[in-house]
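# Summary of the model geometry
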Amino acid sequence: MISTLAAFLLTSFSIAELGDGFGMYVDMYLLGEGWGETSVVVAGIFRGVVDLVLKSFVGDIIDKTRRDRRTFLGLAALVIGLSSLMVYFVNGADTSDKILVYTVRSIESVALAFLGPAFAAITLSAFGPEMFDEMNVKKEIVSHAGSIVSALLSGGIAWIFYPSIEAEF
């Protein structure tokens, strides 16, 4: 059986890219599809503003719910991951493509708003207030390691399977 600490750190490692860096890969894809930098920035602003506005409300929901916080974390991760599939429907930079991306980015940011509060609630319930700060530091270190591994794997896969993609990176 896996220990609580190992499960906690493995989860943090696994979902590292969902919280911050995942949008960067979508942004690079959109630039490759002919989007202008302004349109890509607007898509990122949708993601950031909705996340920022909702974070306090979502924290309150997470604090008051009787449901298992792991469910919220899992659903949020699933929605963010599935939102990446929208790249299959983006064929350029016309208005319908932009509406699709802006809508999906807004939905994604609602899910993104759940990641931090849900993970904090899980940390508090699993390790208690005495170890909360220490575990958050460990979570951040492992999360950064996950982001680094993800970037290395993405770059390696792109270099092997798509050798002409250097212009994007």
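The preceding data block contains the structure.
What you are looking at is a predicted structure, and each value in this text was computed from that prediction instead of being measured. (Residues numbered from 1 in each chain as written. Predicted model: local features only at pLDDT ≥ 70, side-chain atom pairs only at ≥ 80, totals over all residues. Heavy atoms only, no water.)

### Things to note about the packing of aromatic side chains
As a reminder, the rule being used: The pairing test for Phe, Tyr and Trp rings, Trp by its six-membered ring, is centres within 6.5 Å, and the orientation test on the planes gives stacked under 30 degrees, edge-to-face over 60, and tilted for anything in between. Secondary structure is summarised from DSSP: a helix means a run of H or I of at least four residues, a strand means a run of E of at least two, and numbering begins at the N terminus for each. Exposure is judged per residue with a 1.4 Å probe applied to protein chains only, and the accessible area is read against the type maximum: over 50% gives exposed, under 20% gives buried, and values in between give partly exposed.
Within this structure, the stated rule accounts for 4 aromatic pairs. Measuring from centroid to centroid gives 5.8 Å for F72 and F114, while their planes differ by 0°, and the two rings are stacked. On the criterion of sequence distance, the pair formed by F72 in helix α5 (residues 69-83) and F114 in helix α6 (residues 95-161) is long-range, its members being 42 residues apart. On the basis of relative accessibility, which here comes to 17%, the residue F114 falls in the buried class.

### Focus: the packing of α5 against α6
The cut-off we apply is this: Axes, fitted as lines to C-alpha atoms, cover a helix only where it is in contact. Angles between the N-to-C directions of the axes lie from 0 to 180 degrees. Oblique is the label for any angle not covered by the other classes, which are roughly parallel (under 35 degrees), roughly antiparallel (over 145) and roughly perpendicular (65 to 115). By convention the crossing between two helices is left-handed if the near helix lies anticlockwise of the far one by an angle smaller than a right angle, and right-handed if it lies clockwise. Whether two residues are in contact is decided by their heavy atoms, any of which lying within 4.5 Å being enough.
α6 packs onto α5 with a crossing angle of 150° between their chain directions and a minimal axis gap of 8 Å. Here α5 lies roughly antiparallel to α6, going by the angle between them. Both α5 and α6 take part in a crossing whose hand is left-handed. Side by side, α5 and α6 meet where R69, R70, F72, L73, A76, A77, V79, I80 and S83 of the first sit next to V104, I107, E108, A111, L112, F114, L115, A118, F119, A121 and I122 of the second.

### What to know about the pattern of salt bridges
Rules: Only one rule defines a salt bridge in this text: a Lys or Arg side-chain nitrogen within 4 Å of an Asp or Glu carboxyl oxygen.
For the structure on display, the rule yields 6 salt bridges. Put simply, D68 and R70 hold a salt bridge, and the shortest N to O gap is 2.5 Å. A relative accessible area of 57% places R70 in the exposed class. Among the ionic pairs, E108 bridges to R105, the shortest N-O distance being 3.1 Å. Taken together, the positions of E108 and R105, both in helix α6 and 3 residues apart, correspond to about one turn of that helix. Through salt bridges that share partners, D27, R105 and E108 make up one connected network.

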